[in-house]
There are 4 protein chains.
Amino acid sequence: MKQEKDLKNYAIRTDLIVDVFDSQAETDGILTTQEEQDGIQILEVTITKEENPLKKKKGKYITITYQDVTDKENAKKLEKILVKELKKLYTNLQITEQMKCLVVGLGNRASTPDALGPKTIENILVTRYLYEIEEIEVDANYRNVASFIPGVTGNTGIESSDIILGIVEKIQPDFVLIVDALASSSMDRVNKTIQITDSGIHPGSGVYNDRKELSLETLHVPVISIGIPTVIEAFVLVSDTIQYLLKHFSYNKENYQKNKLIPVTLRNYQNYEGELSHQEKTKLLGEVGNLSEEEVKELIFEVLTPIGYNMMVTPKEIDFVIDKTSEVLANAINQSLHKNFDR
Amino acid sequence: MKQEKDLKNYAIRTDLIVDVFDSQAETDGILTTQEEQDGIQILEVTITKEENPLKKKKGKYITITYQDVTDKENAKKLEKILVKELKKLYTNLQITEQMKCLVVGLGNRASTPDALGPKTIENILVTRYLYEIEEIEVDANYRNVASFIPGVTGNTGIESSDIILGIVEKIQPDFVLIVDALASSSMDRVNKTIQITDSGIHPGSGVYNDRKELSLETLHVPVISIGIPTVIEAFVLVSDTIQYLLKHFSYNKENYQKNKLIPVTLRNYQNYEGELSHQEKTKLLGEVGNLSEEEVKELIFEVLTPIGYNMMVTPKEIDFVIDKTSEVLANAINQSLHKNFDR
Amino acid sequence: MKQEKDLKNYAIRTDLIVDVFDSQAETDGILTTQEEQDGIQILEVTITKEENPLKKKKGKYITITYQDVTDKENAKKLEKILVKELKKLYTNLQITEQMKCLVVGLGNRASTPDALGPKTIENILVTRYLYEIEEIEVDANYRNVASFIPGVTGNTGIESSDIILGIVEKIQPDFVLIVDALASSSMDRVNKTIQITDSGIHPGSGVYNDRKELSLETLHVPVISIGIPTVIEAFVLVSDTIQYLLKHFSYNKENYQKNKLIPVTLRNYQNYEGELSHQEKTKLLGEVGNLSEEEVKELIFEVLTPIGYNMMVTPKEIDFVIDKTSEVLANAINQSLHKNFDR
Amino acid sequence: MKQEKDLKNYAIRTDLIVDVFDSQAETDGILTTQEEQDGIQILEVTITKEENPLKKKKGKYITITYQDVTDKENAKKLEKILVKELKKLYTNLQITEQMKCLVVGLGNRASTPDALGPKTIENILVTRYLYEIEEIEVDANYRNVASFIPGVTGNTGIESSDIILGIVEKIQPDFVLIVDALASSSMDRVNKTIQITDSGIHPGSGVYNDRKELSLETLHVPVISIGIPTVIEAFVLVSDTIQYLLKHFSYNKENYQKNKLIPVTLRNYQNYEGELSHQEKTKLLGEVGNLSEEEVKELIFEVLTPIGYNMMVTPKEIDFVIDKTSEVLANAINQSLHKNFDR
C-alpha cells in the first residue's frame, strides 16, 4: 500500500543524525564525543556496527551547530572549526596530501535554498587541469582538485548519481567531497547545523525518491558528504508549531500566575522547561495534545499529503543566508584541501 | 501595546479582497459581478462608499482565479483574460491610447517569490526614449511607455514609494501600472489569483511596515496595481492545516463508517462538506478545535511571533512558476498598452 | 618552436567550413548543394574522402546563414529551417524516433558570448527520467532525451570531453547533440551563421588547446554538433579592418572621382567590388597593403600574441542576441526530437 | 554634416583625463601632482580655469593606475589607496561625517563589462532606512547612506539622469557618489585605471548620446564620480594594433640585426623605445605608417562607422575581473563612508 510506503519512507528519511540521536543512546556500537568551541557545538557520533539502534550506516557523523552565519565573526569561527574537522576526517580516512579530490555540488542552482551545493562549487579552487599539462610543474602546496555540478534530474533527465559515477570512473579521484542542501525535520536546525559524514549520501533523498547511494561502496573511494538543512518541510513547521503552542500556553500560564505581563514579541518561551499536565494538554488540544512529537508529525504528514503538500518553508532572507553559507563552506574546503590556500 | 498593534495590523493587512469578501456581503456601496470563461473565474467588486463593511478603499477590485500557469494552454487563456480586463479598466478610468504609461515592478529580484515584479518589467516593451528623440516619429500603434524597478528598501535604504514619487514627478506619466508579489492568507490562492485594482497599493505591506501609499491621491494620476500572492506566511500554513486536520478526520470517519478504505494520497477531502460536531472537535483538538478560523490564525500568529516567525512558505517549484507568471503578465501588459504588440 | 606551432594551430583552427570553403573547390570527394529559403542561405558540403583540399574530416557540413535573430520573423524562419535540416540529418544518419538522445551544451555560463550552449540546454525538454520510472508509460510522441552542461575546464579542472565520455558510457544514448559557441574568423559571420555537422567537435578549440575530440570515433554513437560563432578574436577584427581600409579608400576614390559626396555613415562600401591597383595599395599601406588576407591575419596574430592578446570582440548587444539565439536553438532541437512538441 | 559631428564627438568624448593629459601641459590653470605607493600610481590634476588646454571642466581629477585586481595583494593595496583618496576628496569638498550620501551605480547589469556600477551597489552598506525610523537611534559611526541602480535607458525608456534627479529631489542627500564603467581609448588602461572626479559625469557618454550631465550644477550637491574603463571600442583596438605593428617591426629588426632569435610569445616589444624612420614606416605601412596616432584613430573610426561598428572589445576573463573590481570599489566606498565599517 502506497500510504505505508510513504510513511515508512518518512520515518527513515531524516538526513541528520541529530534528529534521531538521543544522548542516552550510547550503547555498544555507538561512540559519541561532544565539544564546544567559540559558542559552536561539535557532536561526533561514530557508528561501528551495521546493526545499531539509530538505524544509520556505519561511519563517522560530525554535527556542527552554529549561530547566524551572516554575522562575520560567527562565519570566521565556523570556518575555522570546519577546516579542523575536515582535516581530522582526512587523517582518519588516511587521505594524504598527494591524494586527488573531486568536489561535487548537488542541488538546483535555480532554487535558492537548493543552490547551496552549486554555489559552493563556484568558489572551489581547482587545479586538476594544471596537473594534466605535462609542461607545468604544480606547486606541491596545491592538491590536485577538480569540481563538478551535476544539476538535478528534473533538468537533465539523468540521475545525479549516474553522472557522478561516470565522471569518477573517467577521472579517478582518490576521494570525493559532496556538498548538499538537506531538508530539516526541525525549525531550529535550518541553516544552523552542518553534518559531515563518511557514510555516504543519497542524492535527492529529500524528495522521497529512491536514488542510488554515493558512498565508498559505489564509488570505490572514500566519500565525505557535507550537508546543511536549508528548508523545512511544511509538515515539520506545522507539527513544531503545535509543540510550541503547548509550550507557549504553559509559559504564559506560569507568568500570569506570577502576575507578570509580557508582550508577545518578548515571550521567550522557547527554552521554557515547564510542562503542562496530561489533563491540561487534553483540555487545550484534545487527543492531539497527548500525541508524541513523532505521532503529531505522522498525523500532519498524513493530512498534508493529499492536498498541496508540495510546499517548502524557508527563512525570508534565505538568498542572503545561502550566499554567506556557501562562501564559508568553499573557504573551509579550500583551506582543508590546499596547504597554501590564503583566505 | 505592541501585541495589539501587530494583531490589528494583521487583521487589516490582507492584500486580497477575496480574503475578506463574502458573497452575501453585497450591500449598499458594494457591487459585484461574477463571470467564468475558459475555466477562469473573474470576480469584480466595486466599492463606491468610503465607509463599507469590507473596510477597503473605494475602487474596482478585479479578482482572477486560474489554474496552473506552467501549462501552456492555461497560460494563454489567462493572458487573454488579463488583456481584456486591463483594457476594460483603462476605458473605465478614461485612459486613452495617447496617454503615457509608467510600469513599475516592486519587489526583490534576489528573492525568488518576490521577484515577480522585477521579472515582469524585464519583458515590458518600452518606447518612451524614442518619443524623446525629436528626429524620430514613433509609430502611433506603440504607446509612450517607460518602466522601472525601484528595488527594496533593505537594499537601497530608500522607500520604494519615495523613488516612484520622484520619478513620476520627473517624467510625468498619465497613468501608472504597478506589479507586485503579495503574501496570501490562504494556501489555495498562492500563484492562482490575480488581483487588479485602481484603489492604490502599499508597497511592502506584506512585511508589516507602514509604507506610503501609491495611489491616485499621492501620485495624482490613475494607479492600477496588479498583485499575485506568491508566498504564504508560516502562520497561515499552520492554521490552514489545523482546519484541514478537522476536515480530514471528518472525511475519514465517514468513509470508515461506510467501510471504504482510501489510501492517503487519494483522500480527496479538500472539498468534503461534512462537519464534525462541537463535541467531536473538542475530543480531537480540545479548545483549539472550537475556535473560529480567524481565532486560530490569531493564536498561531501569537505563538510564532516570538520565535523564528520570519519564515515564508512557497511551492517547491516556485522559481519555475515565477518565470512563467511574469511572462504571462508582461505579455498581457504589452498587449493592453500597445495596439500593435505582436506576441 | 612555439611560434610555428601557434601559427600552425591558427591555420587549422577555424571551426567553420565556410571560412575555408571556396565555391570553385568542388572536386572529387567534395559535394556541395546551395539553397535559399525565406532569405536564409543553406550550404551543404559533404566530404567523402579523408584526404581533401579543405583539410576537413569526412562528414556533412550544413552552413545556415541568416540575418538578425532578434527580429521575431527572422527567428521563426530560422527555427523552421533548423528543424528541417536537423531532421534530414537524423534520417541520413539512420536515427529513428525510438533512439535516445543526449543534448550537451558546451561553454561557460558566466561569460555572455560563451553561454550559448548552457542557455540552450536550459530550454531542452528532457524525458529520460520518466522513461526510467518503471510504472510510467511515456507518450511515444516524446523521445527519450537527456541533457547536460559540463562546464568549462577552468572552473571544473576536468576536460569537457572527459565529462561527456563518462556520462555517455553511463547512460548510453543512441546519439549525441552538442551545442557550442564558436570563435569566428570573420566579422560578418558572428551571430549570423550556424554550422551543423556530423563530423565531430573539439571542445574549446577556440582557445588553442589540444582537447580530445567528441565524435563517432570517440563516443561510438553519431555526434551532431551545432555551432554558432558569437565572438571574433581581436586579430580578426584588426585584419578585417585593414581589408576594409583598402576597400573604403577604393570606394571613396571612385565616388570622389564621380563628384559624389557621401556622408560617413552612408558609405555602403562593404559590397563594393572595385579594387585598388598594386601601386595604390603600396602607396596607401606599404608592404602590408599587398599581403594576402591570410598573410595579414598571420602578421597581426604575431603582433598581438606577445601583448594583451587575450581580448575578445563582441557586438554591444551580445547578451540580448545570445538570449534569443539560444531560444531559437532550443525550440528547433525540441521540435526535431519530439514529434509532439508544441512550440 | 553627421560625420563632422561624430568625429567631433569622438574628439571630445574621452572620459579619462589621462587620455588627453600631457605631463608637459602644466600651465596656468592646471595643477598636477604625481605619486606612487605600493606600485600604484596616483596622478592628481586640478583644473582651476574654465578655459584650459585640456578642454575639461573645472575640478579635481584623480587617476589611479594599478595592476591586475584579481590578485588579492593588489586588490588590498588598491582598496587602501581608494579609501585614502576618497576621504581626501570629502575633506576637500567639505563633506563632513554627518552628511547624507546617495551612491548610484550606472550601467546595464545584463552586459558584463557594463555591470560594474550595479554590481558595486549590491555591496554598499545602506543605513538610510534606519535613520528614517524614529524609534531607532543609529550608531553615529555609520553615515546615513542610500544607494540606487537606475538601469539603462534602453530598458527603462527613461534617461538615467532624470531618474537620479527625481530621487535626489525626493530624498535630498548632501552629496552623491556615482560609479560607472567607461570606454577606454587605449588597450593598456582597460581594467587598470580608476578616475575619481568632482567635475560631474555624463551618463552613457560612452555611446555617443547627448545625455544630461550629473554634477554640482544640476544636482545642487557635490557629485563625485568613480569611473573605470572596462571595454575598448573596436577602432581603438585596431589603431592601437597598427602602432604595435610598427613597434614590433622595429623591435624585431634590431634583434635580427643583433642575430637574436626570440620566439613570438617572448617578444617583449611593448616597452621598446626604438623608432622606425619615416622612410621605413612608409615602406612598411605606406601613408598610414606616417599618420599620427590621433589621425590613425580618426581614419579607422571612419572606416568602421558604416559597417558593423557596434562592437566592443573586452578581455576574455571580463566576468571575473568585473566581480573583483566591484568588490574592491564597494569595500573602499563603504570604508570611506562609514567610520566603523569592518572589512
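Residues numbered from 1 in each chain as written. Chains lettered and ligands numbered in written order. Predicted model: local features only at pLDDT ≥ 70, side-chain atom pairs only at ≥ 80, totals over all residues. Heavy atoms only, no water.

*Asks:* Can you lay out the overall build of chain A for me, pointing to particular residues and giving the numbers?
*Replies:* Summing up its helical and strand segments, chain A has 11 helices and nine strands in all. The C-alpha atoms of chain A give 22 Å as radius of gyration, which agrees with the globular expectation for 343 residues (20 Å, within 12%). Expressed as a percentage of its 343 residues, the buried residues of chain A come to 57%. For chain A, the computed accessible surface area is about 15000 Å², with 48% contributed by carbon and sulfur atoms. Of note, chain A has its 39 positive side-chain charges centred 3 Å away from the centre of its 53 negative side-chain charges. (Helix = DSSP H or I, 4+ residues; strand = E, 2+ residues; numbered from the N terminus. Rg over C-alpha atoms; globule rule 2.2 N^0.38 Å. Buried < 20%, exposed > 50% of the residue type's maximum accessible area, 1.4 Å probe, protein only. Areas by Shrake-Rupley, 256 points an atom, 1.4 Å probe, with all protein chains shown as cover. Lys, Arg positive; Asp, Glu negative; His and termini not counted. Charge placed at Lys NZ, Arg CZ, Asp CG, Glu CD.)

*Asks:* Outline the interface of chain A and chain B, supporting the account with residue identities and numerical values.
*Replies:* Facing 48 residues of chain A, the contacting portion of chain B comprises 48 residues. For the interface between chain A and chain B, the tally reads four salt bridges. One salt bridge connects Lys316(A) with Glu233(B), and the closest N-O pair in it is separated by 3.2 Å. Elements that contribute at least two residues to the side of chain A that touches chain B include exactly α1 (2-12), β8 (223-233), α8 (234-257), α9 (278-285), α10 (293-304), β9 (311-315) and α11 (318-337) of chain A. If one sorts the elements of the side of chain A that touches chain B by residue count, α8(A) sits on top with seven residues. (Contact = heavy atoms within 4.5 Å. Salt bridge = Lys/Arg side-chain N within 4 Å of Asp/Glu carboxyl O.)

*Asks:* Describe the interface of chain C and chain D, listing the residues and the values that go with them.
*Replies:* Across the contact, 48 residues belong to chain C and 48 residues belong to chain D. Both faces considered, chain C and chain D share a buried interface measuring about 4700 Å² in area, 67% of it formed by carbon and sulfur atoms. The largest per-residue losses of area from chain C upon contact with chain D belong to Val264(C), Met311(C) and Lys316(C), which jointly make up 14% of the total buried on that side. Residues Glu287(C) and Lys283(D) are paired through a salt bridge, measuring 2.1 Å at the closest nitrogen-oxygen approach. Counting across the interface, chain C meets chain D through 11 residue pairs in polar contact (both at pLDDT 80 or more). (Buried area = accessible area lost by both parts, 1.4 Å probe. Polar contact = N/O pair within 3.5 Å; in protein donor to acceptor, adjacent residues only side chain to side chain.)

*Asks:* Explain a negative patch on the surface to me, and be specific about the residues and the numbers.
*Replies:* Residues Asp68(A), Asp71(A), Glu73(A), Glu317(A) and Asp342(D) make up a contiguous surface patch of negative charge. The residue Asp68(A) is located in the loop between β3 (59-65) and α2 (72-92) in this model. (Patch = residues over 30% accessible without salt bridge, like charges linked within 9 Å, V, L, I, M, F, W, Y side chains within 5 Å.)

*Asks:* Can you tell me about the relation of the copies chain C and chain D, naming the residues and giving the values?
*Replies:* With an RMSD of 0.2 Å, the fit of chain C onto chain D corresponds to turning through 179° and sliding 0.1 Å along the axis. As the rotation angle and translation indicate, the two copies are arranged about a two-fold axis. An overlap of 100% is found between the interface residues of chain C and their copies at the interface of chain D, pointing to a shared contact surface. (Least-squares fit on C-alpha atoms with pLDDT ≥ 70 in both.)

*Asks:* Any chance you could break down the pairing of strand β1 (residues 30-37) of chain D for me, citing the residues and the numbers?
*Replies:* Residues and elements named next belong to chain D. Note: β1 against strand β2 (residues 40-47), eight bridges, orientation antiparallel. Bridging across to β2, Leu31 finds its partner in Thr46. Hairpin connection from β1 to β2: two residues lie between these consecutive antiparallel strands, with Asp38 at a positive phi of about 55°. (Pairing = 2+ DSSP bridges.)

*Asks:* A description of the relation of the copies chain A and chain B should follow, citing residues and the corresponding values.
*Replies:* Least-squares fitting of chain A to chain B yields an RMSD of 0.2 Å, with the transformation described by 0.0 Å of translation along the axis and a rotation of 180°. Taken together, the interface assignments show that 100% of the residues at the interface of chain A recur at the interface of chain B, consistent with an identical surface on both copies.

*Asks:* Break down the packing of aromatic side chains for me, citing the residues and quoting the values.
*Replies:* Under the counting rule described, the total for this entry stands at 10 aromatic pairs over all chains. Pairing Phe235(A) with Phe301(A) gives two aromatic rings, centres 5.1 Å apart and planes at 75°, and the pair type is edge-to-face. In this pair, Phe235(A) is assigned in helix α8 and Phe301(A) in helix α10, connecting sequence segments 66 residues apart. Taken as a pair, Phe235(A) and Phe301(A) share a single burial class, namely buried. Measuring from ring centre to ring centre gives 5.8 Å for Phe148(B) and Phe148(D), while their planes differ by 15°; the resulting arrangement is stacked. (Phe/Tyr/Trp six-rings, centres within 6.5 Å; stacked < 30°, edge-to-face > 60°.)

*Asks:* Can you break down the domain arrangement of chain A residue by residue, with the values?
*Replies:* Residue and element names in this part refer to chain A. Split into domains, chain A comes out as domain 1 (17-235 + 315-337) and domain 2 (236-313). The gap between the C-alpha centroids of domain 1 and domain 2 is 33 Å. If you look at the interface, domain 1 gives 13 residues, while domain 2 gives 15 residues. A combined buried area of about 1300 Å² lies between domain 1 and domain 2, and 60% of that area is made up of carbon and sulfur atoms. On the domain 1 side of the interface with domain 2, the three residues burying the most area are Met187, Ala234 and Phe235, jointly 53% of the side's total. (Domains from an automatic or database assignment.)

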